[in-house]
Amino acid sequence: MKILVTGYKGQLGFDVVNEATSRGIEAIGVDIDEMDITNQEQVNTVIKSGNYDAVVHCAAWTAVDKAEEPELFETVKKVNATGTKYIADVCEELDIPMMYFSTDYVFDGEGITPWNEYDERHPLNVYGLTKAQGEEFVEKLKKHFIIRIAWVFGKNGNNFIKTMLRLGKERGAVSVVNDQVGNPTYTYDLAKLVVDMIQTDKYGKYHATNSGDFISWYDFACEIFKQAGMDVKVTPVDSNQFPAKAKRPKNSRMNQTELDKNGFDRLPTWQDALERYLKEIEF
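The rules behind these values
- Residues numbered from 1 in each chain as written.
- Predicted model: local features only at pLDDT ≥ 70, side-chain atom pairs only at ≥ 80, totals over all residues.
- Heavy atoms only, no water.
- Pairing = 2+ DSSP bridges.
- Helix = DSSP H or I, 4+ residues; strand = E, 2+ residues; numbered from the N terminus.
- Axes fitted to C-alpha atoms, helices over the stretch in contact; angles between N-to-C directions.
- Contact = heavy atoms within 4.5 Å.
- Buried < 20%, exposed > 50% of the residue type's maximum accessible area, 1.4 Å probe, protein only.
- Right-handed = clockwise from strand over helix to strand, strands pointing away.
- Core = buried A, V, L, I, M, F, W, Y, C linked by side-chain atoms within 4.5 Å.
- Phe/Tyr/Trp six-rings, centres within 6.5 Å; stacked < 30°, edge-to-face > 60°.
- Lys NZ or Arg CZ within 6 Å of the ring centre and 35° of its normal.
- Salt bridge = Lys/Arg side-chain N within 4 Å of Asp/Glu carboxyl O.
- Left-handed = near helix turned anticlockwise from the far one by under 90°.
- Nonpolar A, V, L, I, M, F, W, Y, C, P; charged D, E, K, R; others polar.
- 1 Å grid on protein atoms, 1.4 Å probe; cavity = no way out; pocket = protein on both sides within 12 Å on 5 of 7 lines; lining within 4 Å.
- Points joined across faces, edges and corners; volume = space filled by probe spheres on them.

## Remarks on the sheet that holds strand β3 (residues 54-57)
The six strands are arranged β2-β1-β3-β4-β5-β10 in an open sheet whose pairing can be described as parallel. A single partner strand is all that each edge strand has here, and the edge strands are β2 (26-30) and β10 (204-207). Across this sheet, the average inter-strand angle for adjacent strands is 20°, counted without regard to direction. In the sheet, strand β4 (residues 98-103) pairs with strand β5 (residues 144-149) via six bridges, with the strands oriented parallel. Looking at the pairing, S102 lines up with R148 of β5. Here helix α1 (residues 11-22) sits on the sheet and contacts β1 (2-6), β2, β3, β4 and β5; the angle it forms with β1, its principal contact strand, is near 165°. The sheet strands contacting helix α6 (residues 187-198) are β3, β4, β5 and β10, and the helix crosses β5 at an angle near 165°.

See the structure below:
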């Protein structure tokens, strides 16, 4: 099997290529230098010339607050929606599967009930809107996988864990929101699921965060410092004490019934993922 992985320099794309390669699958990772997804001609050329069996599309605009700047709206849309459409169009023409990674931000974040895979999308911000538009293009394909994830962390790139460890060292105290609830996603664990899934024809929408009890960012921070053996004071605060350009969902809980229904293993618990992750990074 031969797969193309976009966004190779990001947290997820990096891990997907490594996982696939470790299993003897030929995985070609590309980033903007090799394939600018907003350039339709380049997308067509790269995918059609590679003789790929599937495309795993990890590339995205993920700077959530920056996406709210009015002058950047068309750019964000071009990356997350139009670029995704270009890839989907080629996959449809070649009749090969496409896997697309989306987000809890496609929902409105209200209430406390976990979101189901086929619930209506009501995004809160530009990032969520453009990712939802990307979903709409992908779900038109006969052979598609849409995987929604949240609170992503991986070895390659910046994330909440690295930020907490840095601030904890610098200040000895942090304030963290306690009214946004969900589950983290470790890209190393997700990559294993991705490689399992892309080799099947069990198409559809999936939610795939690490398993375990739902937590707030405050809970996550407390566990980070506990496992890291750091004495840091963590103060819980409301979201309104951290004003941001982009509105964040308070409810990022997601059901994972489609994983169960289709016989895929859920990701390990977030506590287990965090323990393994801390052994992988320097802090």
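From this point, the discussion proceeds with the structure in view.
## Looking at the pairing of β5
Burial analysis of β5 places six of its six residues in the buried class, the great majority of the element. Side chains H144, I146 and R148 of β5 all project onto a buried face; the interleaved residues F145, I147 and I149 project onto the opposite face, where all are buried too. Note that the unit made of β4, helix α4 (residues 126-138) and β5 has a crossover that is right-handed. As paired strands, β5 and β10 are joined by four bridges and run parallel to one another. Counterpart to I147 in the pairing with β10 is Y206.

## Some remarks on the nonpolar core
Taken as a class, soluble globular proteins show a tendency for nonpolar side chains to be buried jointly. In terms of nonpolar packing, the biggest core is built from 33 residues, with I161, M164, L165, V174, F220 and F225 touching the most fellow members. Secondary structure elements with two or more residues in this core: α5 (160-171), β7 (173-177), α7 (217-228), β13 (233-237) and α9 (270-280). It is α7 that contributes the most residues to this core, six residues altogether. Counting residues in each nonpolar core, the second largest holds 28 residues, with C58, M99, V194 and A208 among its members.

## So, the packing of aromatic side chains
If you walk through the whole model with that rule in mind, you get 15 aromatic pairs. With centroids separated by 4.7 Å and ring planes inclined at 5°, the aromatic side chains of F107 and W115 adopt a geometry described as stacked. W115 sits in the buried class, given a relative accessible area of 13%. Ring plane angle 80° and centroid distance 5.7 Å describe the contact between Y206 and F264, whose orientation is recorded as edge-to-face. Taken together, the residues span a long stretch of sequence, with Y206 in strand β10 and F264 in the loop between α8 (257-261) and β14 (267-269) at a distance of 58 residues. On the accessibility criterion, Y206 (0% relative accessible area) is buried. For F264, a relative accessible area of 10% translates into the label buried. Chaining the aromatic ring pairs together yields one cluster made of W151, F153, F160, Y186, Y188, W217, F220, W270 and Y277. When the ring centre of Y52 is taken as reference, the NZ or CZ atom of K2 above it lies at 5.0 Å. When the ring centre of F264 is taken as origin, the NZ or CZ atom of K202, which lies over that ring, is 5.4 Å away.

## Structural notes on the pattern of salt bridges
If charged atoms from side chains of opposite charge come close, those side chains can pair. All chains considered together, the criterion is met by 22 salt bridges. Here R23 ties to D196 by a salt bridge, and the two come within 2.6 Å at their closest N and O atoms. Placement of R23 in the loop between α1 and β2 and of D196 in helix α6 is noted, with a sequence separation of 173 residues between them. Take D196: its relative accessible area is 36%, and that puts it in the partly exposed class. As a salt-bridge pair, E93 and K48 come within 3.1 Å of each other at their nearest N and O atoms. Within this pair, whereas E93 is found in helix α3 (residues 73-94), its partner K48 is found in helix α2 (residues 40-49), the two being separated by 45 residues in sequence. With relative accessibility at 41%, the residue K48 sits in the partly exposed group. Put simply, R121, E135, E139, R148 and K205 are held in one network by salt bridges that share partners.

## Digging into the packing of α5 against α9
Two elements in contact, α5 and α9, have axes separated by 12 Å at closest approach and are oriented at 65°. The interaxial crossing formed by α5 with α9 has right-handed handedness. For the pair formed by α5 and α9, the contact residues are I161, K162 and L165 on the first element and L274, Y277 and L278 on the second. Here the contact of α5 with α9 is built from residues that sort into five nonpolar, no polar and one charged.

## A closer look at the layout of surface pockets
The volume enclosed by the second largest pocket comes to roughly 200 Å³. The wall of the second largest pocket is formed by D15, N18, E19, S22, K155, Y186, Y188, R276 and E280. Secondary structure elements with two or more residues in the lining of the second largest pocket: α1 and α9. Here the residues of the lining of the second largest pocket sort into two nonpolar, two polar and five charged.

Note that every value here comes from positions in space, so none of it alone points to a role or purpose.
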